Each structure stands twice: as structure tokens, then as C-alpha cells.
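Here's the letter readout for the chains.
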Amino acid sequence: MTTAADGAQWARRRTYAIISHPDAGKTTLTETLLLEAGAIHLAGRVRARGKNRRARSDWMKIERERGISVSASVMTYGYRNLLFNLLDTPGHEDFSEDTYRTLTAADCAIMVLDAARGVEPRTLKLVEICRLRDIPIITFINKFDREAMEPSELLDDIQEKLALDVAPMQWPCGSGNRFRGVADFRTNEFVLYKHPDDTGVTGSGRVSLKGDAIAAVLSEEEVAEVTEGVEVARELLPGFNRQSFEEGHLSPVYFGSALRRFGVYELLNALADYAPDPQSQPVAKGPRDTLEPGDKEVTGFVFKMQANMDPNHRDRVAFVRLSSGRFKRGMRLRTEAGKIISVHNPILFFASDREIADEAFAGDVIGVPNHGILRVGNTLSESGAWRVAGIPNFAPEILRRARLKDPLKAKHLKRALKSLAEEGVTQLFRLQAGGEFIVGAVGALQIDVMVQRMVDEYGIEVEFEISPYGAARWISGLDADIQAFIDRHRTAIAEDIDGDPVFMAKSAWEVGYFQEKFTDIDFDVIKERL
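Residues numbered from 1 in each chain as written. Predicted model: local features only at pLDDT ≥ 70, side-chain atom pairs only at ≥ 80, totals over all residues. Heavy atoms only, no water.

Some words on the overall build of the protein
Alright, step 1. A count of helices and strands for the protein gives 13 helices and 34 strands.
Alright, step 2. Split into buried and exposed, the 530 residues of the protein put 57% on the buried side.
Alright, step 3. Contacts in the protein between residues at least 24 apart in sequence constitute 71% of all its contacts with a sequence separation of at least 6. (Helix = DSSP H or I, 4+ residues; strand = E, 2+ residues; numbered from the N terminus. Buried < 20%, exposed > 50% of the residue type's maximum accessible area, 1.4 Å probe, protein only. Contact = heavy atoms within 4.5 Å.)

Some details on a negative patch on the surface
Alright, step 1. On the surface, a cluster of negative charge is contributed by E150, E153, D156 and E160.
Alright, step 2. Here E153 is to be found in helix α6 (residues 151-162).
Alright, step 3. Overall, the relative accessible area of 43% leaves E153 in the partly exposed class. (Patch = residues over 30% accessible without salt bridge, like charges linked within 9 Å, V, L, I, M, F, W, Y side chains within 5 Å. Areas by Shrake-Rupley, 256 points an atom, 1.4 Å probe, with all protein chains shown as cover. Salt bridge = Lys/Arg side-chain N within 4 Å of Asp/Glu carboxyl O. Lys, Arg positive; Asp, Glu negative; His and termini not counted. Charge placed at Lys NZ, Arg CZ, Asp CG, Glu CD.)

Things to note about the nonpolar core
Alright, step 1. Ranked by internal contacts, the top residues of the largest apolar core, which has 77 residues, are I141, F190, F303 and F327.
Alright, step 2. Ranked by residue count, the leading element in this core is strand β15 (residues 316-324), at five residues. (Core = buried A, V, L, I, M, F, W, Y, C linked by side-chain atoms within 4.5 Å.)

What about the sheet that holds strand β13 (residues 290-291)?
Alright, step 1. Across the sheet, three strands lie side by side as β13-β12-β24; this open sheet has antiparallel pairing. For this open sheet the edge positions go to β13 and β24 (387-388), each flanked by a neighbour on one side alone.
Alright, step 2. As defined by bridge partners, strand β12 (residues 281-285) adjoins β24 across two bridges and the pair is classed as antiparallel. Looking across to β24, one finds that V283 is bridged to V388. (Pairing = 2+ DSSP bridges.)

Here's the deal with the pairing of strand β8 (residues 181-184)
On a regular strand, each side chain points to the face opposite its neighbour's, so the side chains alternate between the two faces of the sheet.
Alright, step 1. Of the pairings in the sheet, the one linking strand β7 (residues 170-173) to β8 comprises four bridges and is antiparallel in character. Following the sheet pairing, P172 is matched in β8 by V182.
Alright, step 2. Where β8 and strand β9 (residues 189-194) come together, four bridges link them in antiparallel fashion. When the sheet's bridge partners are listed, G181 is paired in β9 with L192.
Alright, step 3. The hairpin formed by β8 and β9 contains four residues between the paired strands, and N188 there has a positive phi angle of roughly 60°.

Quick look at the packing of helix α10 (residues 410-423) against helix α11 (residues 444-458)
Alright, step 1. α11 packs onto α10 with a crossing angle of 120° between their chain directions and a minimal axis gap of 11 Å. One element, α10, and the other, α11, form an angle in the oblique class. By crossing handedness, the relation of α10 to α11 is classed as right-handed. The residues of α11 that touch α10, namely those facing L413, A416, L417, S419, L420 and E423, are M450, R453, M454 and Y458. (Axes fitted to C-alpha atoms, helices over the stretch in contact; angles between N-to-C directions. Parallel < 35°, antiparallel > 145°, perpendicular 65-115°, else oblique. Left-handed = near helix turned anticlockwise from the far one by under 90°.)

A look at the packing of helix α2 (residues 26-36) against helix α9 (residues 264-274)
Alright, step 1. As a packed pair, α2 and α9 sit with axes 9 Å apart at the nearest point and diverge in direction by 80°. What the angle tells us is that α2 and α9 run roughly perpendicular. Contacts between α2 and α9 involve L29, T32, L33 and E36 from the first element and V264, Y265, L267 and L268 from the second.
Alright, step 2. Each residue belonging to the contact of α2 with α9 can be placed in one class, and the counts come to six nonpolar, one polar and one charged. (Nonpolar A, V, L, I, M, F, W, Y, C, P; charged D, E, K, R; others polar.)

Things to note about the sheet that holds strand β31 (residues 493-495)
Alright, step 1. The eight strands are arranged β29-β26-β28-β27-β31-β32-β30-β33 in an open sheet whose pairing can be described as antiparallel. Every other strand in the sheet has two partners, leaving β29 (462-466) and β33 (522-524) as the edge strands with one partner each. Direction aside, the axes of adjacent strands within the sheet are offset by 40° on average.
Alright, step 2. Note: strand β26 (residues 398-404) against β29, five bridges, orientation antiparallel. In the sheet register, L404 faces β29, and the bridge partner there is V462.
Alright, step 3. On top of the sheet, α10 reaches β26, β27 (427-431), β28 (437-441) and β29; it is set at about 135° to β27, its chief contact.

Topic: α10
Because an α-helix completes one turn every 3.6 residues, residues spaced three or four positions apart along the sequence face the same direction.
Alright, step 1. For α10, built from 14 residues, the straight-helix expectation of 20 Å at 1.5 Å per residue is met to within 8% by its first-to-last C-alpha distance of 20 Å.
Alright, step 2. Within two residues after α10, G424 carries a phi angle of roughly 95°, on the positive side. (Expected span 1.5 Å × (residues − 1).)

A closer look at the packing of aromatic side chains
Alright, step 1. All chains considered together, the criterion is met by 19 aromatic pairs.
Alright, step 2. A centroid spacing of 4.4 Å and a plane angle of 40° characterise the contact between F240 and Y274, whose relative ring orientation is tilted. Of the two residues, F240 is situated in the loop between α7 (220-236) and α8 (242-246) and Y274 in helix α9; the sequence distance between them amounts to 34 residues.
Alright, step 3. When the centroid spacing of 5.8 Å and the interplanar angle of 10° are considered together, the rings of W509 and Y513 count as stacked. In this pair, W509 and Y513 both sit in helix α13 (residues 508-517), four residues apart, roughly one turn of the helix.
Alright, step 4. Ring pairs connect the aromatic residues F485, F503, W509, Y513, F514, F518 and F523, which therefore count as one cluster.
Alright, step 5. Positioned over the ring face of F185 is R234, at 5.0 Å from the centre of the ring.
Alright, step 6. When the ring centre of F319 is taken as reference, the NZ or CZ atom of K304 above it lies at 5.7 Å. (Phe/Tyr/Trp six-rings, centres within 6.5 Å; stacked < 30°, edge-to-face > 60°. Lys NZ or Arg CZ within 6 Å of the ring centre and 35° of its normal.)

Describing the pattern of salt bridges
Alright, step 1. Tallying each qualifying case throughout the model produces 28 salt bridges.
Alright, step 2. Note that D364 is salt-bridged to R13, the shortest N-O span being 3.0 Å. Of this pair, D364 sits in the loop between β21 (359-361) and β22 (365-369) while R13 is found in strand β1 (residues 13-20), placing the two residues 351 residues apart along the sequence. Taken as a pair, D364 and R13 share a single burial class, namely buried.
Alright, step 3. Residue R453 is joined to E457 by a salt bridge in which the shortest nitrogen-to-oxygen separation is 2.8 Å. One end of the pair is R453 and the other is E457, both in helix α11 and four residues apart, which spans about a single turn.
Alright, step 4. Each of the salt bridges in this network shares a partner with another, and the network as a whole consists of R375, D496, D498, D500 and K527.

Below is the structure:
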């Protein structure tokens, strides 16, 4: 049974994601947060050299070689008697679908902005996704050790482009070579930025904003700049309001440099102070409309699949965000379709490192090893009566034909393509006429990742050629109408990995033409995973 102690356990959880435009410093911030929390003792971007200079959260070979994040990972760590689950999202825009799936498992997000660029297109899209679930956002404006926009311009940029109120919790003095630190509104102190020592790490100190202490470390002109900035911010901008933040309407703003470890300690404490505990989950099927974290029954949903994280074992792990209850190792859980899973070796993650979890609570993310039974979008529960509102698939923008260099490995190709599609690396369609495989992707980098993983993990060399198709749409409507359409256009019909029918069009123009001609059929760009 659920006890008061169990309630105290889930209330200690803080599950959050970090979102940004590429190159804003998300991976560096991830490492530095772990460093400040004491979860690691060496950060790849901060102090390591040579071959060791890589992110703890980037475990794929292609991530290490190119210095990018293309796969979501999970890192669990403790700080201030809280347990944090950091969901590190892909930084590259070609993996937007994986990012969306990861955000469905988060209760809060840190938005990282480049101080010289402000809000960029990818950031805008990610905030729109957060709004779909009213995810509260904490803003960290990064790279103030380089030349930056004026603080007021950056705050205006957030308000205008994102329609998001801002509550600055700090105010910076200068940027680049002139950067001296930030005024901290909460403590009424100035946090002094000291330029890097030989290790590349900055020092810092605190002095009171009142009296003569600040005049001893800043010039008269700098003191005036800080004083004016603080006064303007307090008079013209709203103060922090917790309810408005938790409803997703207002974002507290912090300034610093992740690379120099400046301002990250304050950001970490803001997470501990303000990030919400596990929230209720919307339900598409079940006794009620929502799942509450304090509910007795153990429930959770699969938001990511990953195969071959450990190259020594052909593993296949479902990332499950627990929604309610006290999970114990060895439990038997059911999918919404009634399949029974005995979870004997549940995993807690630290990037590619892992350990067995004896128990877990709402808000935690556990890995459930399985052999193709679980899929993204599945809900696990003790009763099998629940299904958390599904995670959508988006119509791909690039379609390619898979061609084997060694035709004798056709069976291996089918298995590898299906496995990678179930992970969400790409989507997979099989033409009804001829059985040819068509791979769908949002961007070209997804194809590059697939080629590399085919070689590294499956020993298969594959070329992805230009296909005759330029658009894919799921078709829906009455069964009779769908069947009549399929019978007339069988050579342009494929099935996705769920067996659902997909219309393969030569172009977006052709999709529009068929939409006008066949009004009883819907040509969908989004399909909810069931």
C-alpha cells in the first residue's frame, strides 16, 4: 500500500529538460549543472583535454565525433535532499521528434539562450511544444563572457517572440571583456565574475549591493550601470510569481557562462527552489481523465526506445516515466493491450552508465529491458486499464529508399530498420506493392546517424537513395472509404510500423490535389501513437 513516506519520496522528485537552439551551450550547461551538483568531478567541455574532451550525456560515436547531441539521454542525481532527473534532449533540429517525446516526460524546462543572438527559430518551436503541456520554463542567458546584446533587449526579445512574461532574478554588468558579474535580486548582492585562470574556470565572490562594498570591486561607471539596471528591472518588469511560473506564463531569468561555470550554481538552486514536483498526466483511456502522482497504482509511459546503448550486449531499453505509485523491482506490469511485462532488471541512468533500481517513484525515469514488446507511447500499469495521452508521429520531410550493398543481408536489414524506427531515429514505411522499404526523416542528419549505426551496431552497409516520393500522409476516415481509396491507388500505398495505411505522394502539391478530390479521406500530417 502507499504510505506517507512514499508520498514524501515522489514529492522530492524534479524532472526537467534543457532546450535550446543549436550551439547555445546546452550540452556544456548540462555538464556544468552536474558538476555543480557534485554528480561528476570532471566536465568534458570544461577541463578535459584531447580524446577525453566529450560530454557525459553524448554516448553515441557520431555525437562524440561531431560534438552534437542527437539522442535523448537521462541523468539522475541528488542535490539539496531532492532527486533530479535531467532529460537531455537532442540539440540538432533534425531530431525534433525525439525532443518532443522527451518533453512529454518533463515537468519543467530550462531554456538556454545565446546572449549574442537571443531567441532563435529552434527555441521558438521548442517553447511552442512546452506550451502544449503548460511546462514552466526557467531561462538561462548563456555566454555573457562574450560580447552580448543589452540585457533589456534580450528580455524584450523573449517577451515579443515567445509571448512569455519575464522576471529577471539577476542583472548583468557588461559582457565579453567588460563582463564583471551579476546583481542578485534575491540576496541583494553582486556576484563578481573573475576572469579565467589557467584551467579555464572562473572564480567568483559576493559583495553587498549596498554601502561601499560594491564600490571597492567595481568602477564608478560600473556601479552606476548596475544600479540603473536593477532599478529599471524592478520598476518596469514583474517580480517572480510562483503561480504564474507554474502555469507557464512567466519565466525567471538568470545570466552567466556555462563554459566558465559562472551563474550555474545560482541556476541549480533556482531549480531546487522553483521546479515543480511530479505533475498529473493526461489520460486517453482509464477510470479518470488524469493520473495523479500520489495514486496508489504503479503507472508509467514509454517516451523513448533505445537499442544498443551497451555495444557488448544487444540490449533494447524502454525509457519509462513513472506517473504514479511506488514501483518495486520484480513487479509484473501490463500494457494497455494486456501484454504482461515482468520487470526484473529496471535501470536508473546516468547517460550511458546504469545501475539496477530496486524501487522508484512518480517522476522517476527507469529503463525497462525488453525484446520488442514495448513501443513508444505504451502505458504500463498494474491493471492495464490506463493509457496516457499518446505521443504523436510527424510526417517526415525526407523520404529515401534503402539499398543493401550485400543483398544476402536482407533479413538483417528488415530487423535493423524496424528496430531503429521503433526508437524514433527515423520512420519506416513498406510499400504494399513490391514490399520495398522507404525511410522517412525530418532532416538529413537522421539519415547520417542511421547509416553510421547500421555499420557500427548491425554490421550492415546501406545506401539511402532518392525515392520517387516527396511526401507521406497517414490516411483516415470510414473503413469503406479508406479501402476504396487503397484499391484505386495501391502502388502509392504503404504501411507504417504499426500497420496503418500511408499515402506516398510525389510531392506536397499532389497531396493537396488528392485532398480536394477525395473529401471523405483525411490526409494527416500527425498520427497519435496509440
